[in-house]
Amino acid sequence: MRKLLCLCLLAGTSLLARADLRVFATVPEWGALAREIGGEHVTVYTATHALQDPHRIEARPSLLAQARRADLLVAAGAELESGWLPLVLRDSGNAVIQPGRPGYFEAAAQVKLLNVPTVLDRAHGDVHAAGNPHLHLDPRNVLKVGEALSVRMGELDPARAQAYQAAFRTFAGRWQAAIGRWEKQGAALRGVPVFVHHESFVYLSNWLGLREIGTLEPKPGVEPSSGHLTSLLARQQGQQARMVLRAAYNSDAASQWVAGKSGMPAVMLPYTVGGSPAASDLAGLFDDTLQRLLQALR
Amino acid sequence: MLHSSRWVLAAAGALVSLPALAGDADLQAVRAEISQLKAAYEQRIAALEARLQTAEQQAASRPAAIAEPPPVSRAAAPASGFNPEVSLILQGQYKNMKDVAERGITGFVPAGGHDHDHGGIAGISKRGFSVDHTELVLAANIDPYWRGQAILAALDGEVEIEEAWVQSLAIGHGIGVKGGRWRSGIGYLNEQHPHAWDFADAPLMYQALFGEHGSYTQDGLQFKWLAPTPLFLEFGAELGRGANFPGSDRNKNGAGAGALFAHVGGDVGLANSWRAGLSYLKTRAREREAHFEDVGGLEAVGAFDGRSTTWVADFVWKWAPDGNPKYRNFKFQTEYFQRREKGSLSCSDDELAGNACDPLAAGDSVTSAYKTRQSGWYAQGVYQFTPNWRAGLRYEQLDSGSRNFGANAANLVVDSYRPKKTTAMADYSWSEFSRVRLQYARDQSMQGLTDHQWTLQYIMSLGAHGAHKF
């Protein structure tokens, strides 16, 4: 038995000694960013996809197997993954990706979070103590996270640190130009009142100047009820919402109901990379998001 | 800059006051004074300009990251920030079922020992309203190398340590070590606490094999190794005290129980994921007492000495459209168990009723060989059809199998029976933290009795967010 275990261990360590930096990204947006920076030098595994509610993931066996082999874990943080990631980290038997080690990277730690609750009480729903974790929908945050991530990847893989830096600078150049373009396109959206399904677009609204005047979920994480939706529509006497936004992973029932009652368009936003056919990478995500918003405005 | 502007003001003031002065000599003196002043502040301005230039150069040479304030400025957390994660599980129920004096499972040795107060298996025989164990969970990282967790279960005047363990964080190479008291990694349901169960009670076979808690808990050490493969492949070994049923407590060095298990799992497409496992548990029992019935219908106590081995095969399949379980998902779960016990059985008459083991009530006992081979299984499916509602069905069947009591076969009743139970449930969850469940069970676990059991149960958790274990 002991011999067998030793053999297994040897086989395991030899498999680990591979050239690529293995990145385990909890969400598609940071997986895509790691790919932009790492290019062909990294193997990126993305634990969730755009049609999954990132709050409701289970510590599946496949996630454990992937976390076991990762050199770098890129998490969104701010308790977005609190339901499954701590369990995966603990049971992975992988020391290098534990919180506090260089192999653990949290996007939320790189930017200033919005909607930090002053009162922590579950009577307010599934609140995140650190603030709203859906921070990637402000492209300026993507840049901040990318800068820190490229540095971290260089620390873990010093031989390619230069390559990561160069790739990030190229990406940042394109991204800055794109932000200018998006902001110009999105100027028409400034001050537009909208409804949202879940508080997943706070950073997008903050960046583009959209005014979120109501949330279909009565409390974060609590499914919309017809009573709440009716009162939501009744309350918006003075300021009419122009559209109702939901993420690709949200059920369309509630926003369609609101759209049917009020005549405002229900807009599905890709939310993350892979959420729509056009959102195949980070730039595509914002291109498609802007296009869908502007189309709804017309 | 502020400093030099004061000089300019002073100079201007001096110039403005010029016409008020009379006399050439005075004028000369003033002119000299002004030129002195001028020279002095020109010097000062030049010095300031030089300082400004060096400061600008220094700022430019510094990296941008330091020049900018850090993006996140969190207030210094008080020491209470290190308090462990705390959660409290509140659970209670209303149960409607037949009044059975000593509830048990026909053909299986009652795990609860021979305590009259509790009946065959304590806990499952409580009728009407009751509050289950109130579980207090405390957990935190101890340091970069260890994590600790304690689960205390409180019930009317007693607090029980359900689990109290430390787990390694920094060994690496896929190795995990756990020490203390923990739910054994055998089977699938064994590690799950009652609040995570999909039904109000544990499957019959768990109750038959491990007693009232419906799980096997060990004091000892657990080693796990996760293979570095894309397919989930996990191996575990446990060594422990083995004090709990089917073993018995002991006053000895070394280990009283050992277990081995292997798990394999993965995903099939986006929508499906699965896990299968095989486990083996071996324990030793010394004078493990249990209730038996003698051939004349009187009560007898049988004390078992020997080895008990258990095999468990488990399989779980989960489906969710697009892998998003929030709105709809289905879970199928099944486990098969087999237990073999070999040793000796000593039959006695504790009540001094003159039973077959001790017909003269003289305190004698009859010791014989004892060998059993028993099995059982359950299969269940739970379907969540809206974000709030789930419904589930469970079927289970046990087989009392072969029970060889040797010479004691002449003294004790050797039941042969196949207990069955069918359970249906529906539950509603307001959120991840609260759930209420209605359950109906048609229980034929006791020969000659069909018990229709209704359970209305609530499960609430408050505090730290629990983990979504697969």
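1. Overview of the overall build of chain B
- Helix and strand counts for chain B stand at four helices and 17 strands.
- Burial statistics for chain B: of 470 residues in total, 33% are counted as buried.
- In chain B, once contacts between residues fewer than 6 apart in sequence are set aside, the share between residues at least 24 apart is 60%.

2. Focus on the overall build of chain A
- If you tally the helices and strands in chain A, you get 10 helices and eight strands.
- The C-alpha radius of gyration computed for chain A amounts to 21 Å, which stays within 12% of the reference 19 Å derived for 298 residues, consistent with globular compactness.
- Taking the principal axes of the C-alpha coordinates as reference, chain A spans close to 75 × 45 × 35 Å.
- Relative to its 298 residues, chain A shows a buried fraction of 52%.

3. Observations concerning the interface of chain B and chain A
- Counting from both sides, the interface comprises 43 residues of chain B and, opposite them, 47 residues of chain A.
- Breaking the side of chain B that touches chain A down by element, the ones donating at least two residues are strand 6 (175-183), strand 7 (217-226), strand 9 (257-268) and strand 10 (272-293) of chain B.
- Looking at side-chain class alone, the side of chain B that touches chain A contains 21 nonpolar, 15 polar and seven charged residues.

4. Quick word on helix 10 (residues 282-297) of chain A
All names here are of chain A.
- Its 16 residues place the ends of helix 10 23 Å apart at the C-alpha level, agreeing with the 22 Å of an ideal helix rising 1.5 Å per residue.
- Three or more residues of helix 10 are buried, namely Leu282, Ala283, Leu285, Phe286, Thr289, Leu290, Arg292 and Leu293.
- Buried residues along helix 10 sit against helix 2 (28-38), helix 5 (139-156), helix 6 (161-185) and strand 8 (266-269).

5. Section: the confidence of the model for chain B
Residue and element names in this part refer to chain B.
- Chain-level statistics for chain B give a pLDDT mean of 85 and a share of 83% at 70 or above.
- For the stretch residues 60-73, pLDDT sits under 50, and the model shows eight contacts to residues farther than four places along the chain or on other chains.
- Predicted confidence for residues 114-122 stays below pLDDT 50, and this span has 24 contacts to residues more than four positions away or in other chains.
- Predicted as a complex, the structure gets a pTM of 0.83 and an ipTM equal to 0.87.

6. Describing the sheet that holds strand 2 (residues 42-46) of chain A
All names here are of chain A.
- Pairing is parallel in the open sheet, where four strands are placed in the order 2-1-3-4. Two strands close off the open sheet at either side, each with one partner strand: strand 2 and strand 4 (104-106). Strand-to-strand twist in this sheet, taken as the mean axis angle between neighbours without regard to direction, amounts to 20°.

7. Describing the nonpolar core
Residues and elements named next belong to chain A.
- Core analysis: the largest hydrophobic core is formed by 94 residues, its most contacted members being Val23, Ala25, Ala34, Val74 and Val244.
- The element contributing the most residues to this core is helix 10, with six residues.
- For this core, the domains that each give at least three residues are domain 1 (18-181) and domain 2 (187-297).

8. Digging into the environment of Ala163(A)
Residue and element names in this part refer to chain A.
- Within the secondary structure layout, Ala163 lies in helix 6.
- Ala163 sits in the partly exposed class, given 18 other C-beta atoms within 10 Å.
- Along the chain, Ala163 and Gly39 lie 124 residues apart, while their C-alpha atoms are 9.2 Å from each other.

9. Notes on the domain arrangement of chain A
All names here are of chain A.
- Taken as a whole, chain A is organised into domain 1 (18-181) and domain 2 (187-297).
- Taken residue by residue, the interface counts 28 residues in domain 1 and 24 residues in domain 2.
- Elements supplying a minimum of two residues to the side of domain 1 that touches domain 2: helix 2 and helix 5.
- Looking at which element gives the most residues to the side of domain 1 that touches domain 2, the answer is helix 2, with five residues.
- Looking at the side of domain 1 that touches domain 2, its residues break down into 13 nonpolar, nine polar and six charged.

10. Quick word on the sheet that holds strand 5 (residues 193-196) of chain A
Residues and elements named next belong to chain A.
- Spatially, four strands are ordered 6-5-7-8 in an open sheet, and the strand pairing comes out parallel. Two strands close off the open sheet at either side, each with one partner strand: strand 6 (211-215) and strand 8. Each neighbouring strand pair of the sheet contributes to a mean axis angle of 35°, computed without reference to strand direction.
- As defined by bridge partners, strand 5 adjoins strand 6 across four bridges and the pair is classed as parallel. Of the residues in strand 6, the one forming a bridge with Val194 is Glu212.
- Its contacts with the sheet place helix 10 against strand 7 (243-247) and strand 8, and it is angled at close to 175° to strand 8.

11. Describing helix 2 of chain A
Residues and elements named next belong to chain A.
- The buried count for helix 2 comes to 11 of 11 residues, which makes it a mostly enclosed element.
- Every buried residue of helix 2 is accounted for by Pro28, Glu29, Trp30, Gly31, Ala32, Leu33, Ala34, Arg35, Glu36, Ile37 and Gly38.
- Residues of helix 2 that are buried in the fold lie against strand 1 (21-25), strand 2, strand 3 (72-75), helix 5, helix 6 and helix 10.
- Directly after helix 2, the chain includes Gly39, whose backbone phi takes a positive value near 55°.

12. Focus: the environment of Glu79(A)
Residues and elements named next belong to chain A.
- With respect to the helices and strands, Glu79 occurs in the loop between strand 3 and helix 4 (85-91).
- Here the alpha-carbon distance between Glu79 and Ala130, two residues 51 residues apart in the chain, equals 7.3 Å.
- Not counting residues up to four positions away in its chain, the partners in contact with Glu79 are His128, Ala129, Ala130 and Pro133.

13. Some points on the packing of helix 2 of chain A against helix 5 of chain A
All names here are of chain A.
- For the pair helix 2 and helix 5, interaxial distance at closest approach is 10 Å and the crossing angle is 55°. When the axis of helix 2 is compared with that of helix 5, the two are oblique. Seen from above, helix 2 lies across helix 5 with right-handed handedness. For the pair helix 2 and helix 5, contact is made by Leu33, Ala34, Ile37 and Gly38 and by Val142, Val145, Gly146, Leu149, Ser150 and Met153, respectively.

14. Looking at unusual backbone geometry
- Note that the residue after Phe245(B), namely Pro246(B), is joined by a cis bond; omega there is 10°.
- As for its position among the elements, Pro246(B) is in the loop between strand 8 (232-240) and strand 9.
- The backbone phi angle of Tyr271(A) is positive, close to 70°, even though this residue is not glycine.
- Topologically, Tyr271(A) is positioned in the loop between strand 8 and helix 10.
- Exposure remark for Tyr271(A): the 30 C-beta atoms within 10 Å place this residue in the buried category.
- Here the phi dihedral of His173(B) falls at roughly 55°; this positive angle occurs in a residue that is not glycine.

15. Brief notes about the environment of Val23(A)
- Topologically, Val23(A) is positioned in strand 1.
- For the pair Val23(A) and Arg35(A), spaced 12 residues apart in sequence, the C-alpha separation works out to 9.1 Å.

16. Notes on the confidence of the model for chain A
- Residues at a pLDDT of 70 or more form 93% of chain A, whose mean pLDDT is 91.
- Contacts from residues 10-18 of chain A, a stretch scored under 50 in pLDDT, to residues over four places away or in other chains number eight contacts.

17. Here's the deal with the pairing of strand 5 of chain A
All names here are of chain A.
- Regarding topology, helix 7 (residues 202-208) serves as the crossover connection from strand 5 to the parallel strand 6, and that connection is right-handed.
- In this sheet, strand 7 lies alongside strand 5 in parallel orientation, the contact comprising three bridges. Residue pairing for strand 7: Phe195 is matched across the bridge by Val244.

18. Considering the pairing of strand 5 (residues 158-168) of chain B
Residue and element names in this part refer to chain B.
- In this structure, strand 4 (residues 146-155) lies alongside strand 5, joined through 10 bridges in antiparallel fashion. Residue Ala150 lies in a different strand from strand 5, and its bridge partner there is Ala164.
- Between strand 4 and the antiparallel strand that follows it, strand 5, lie two residues; Asp156 among them carries a positive phi value of about 25°.
- In this structure, strand 5 lies alongside strand 6, joined through four bridges in antiparallel fashion. Residue Gln167 lies in a different strand from strand 6, and its bridge partner there is Lys178.
- The hairpin turn running from strand 5 into strand 6, its antiparallel successor, is six residues long, and Gly172 in that turn takes a positive phi close to 80°.

Cut-offs applied
Residues numbered from 1 in each chain as written. Chains lettered and ligands numbered in written order. Predicted model: local features only at pLDDT ≥ 70, side-chain atom pairs only at ≥ 80, totals over all residues. Helix = DSSP H or I, 4+ residues; strand = E, 2+ residues; numbered from the N terminus. Buried ≥ 20, exposed ≤ 12 C-beta atoms within 10 Å, placed from the backbone. Contact = placed C-beta atoms within 7 Å. Rg over C-alpha atoms; globule rule 2.2 N^0.38 Å. Nonpolar A, V, L, I, M, F, W, Y, C, P; charged D, E, K, R; others polar. Expected span 1.5 Å × (residues − 1). pLDDT = per-residue confidence, 0-100. Pairing = 2+ DSSP bridges. Axes fitted to C-alpha atoms, helices over the stretch in contact; angles between N-to-C directions. Core = buried A, V, L, I, M, F, W, Y, C linked by C-beta atoms within 7 Å. Domains from an automatic or database assignment. Parallel < 35°, antiparallel > 145°, perpendicular 65-115°, else oblique. Left-handed = near helix turned anticlockwise from the far one by under 90°. Right-handed = clockwise from strand over helix to strand, strands pointing away.

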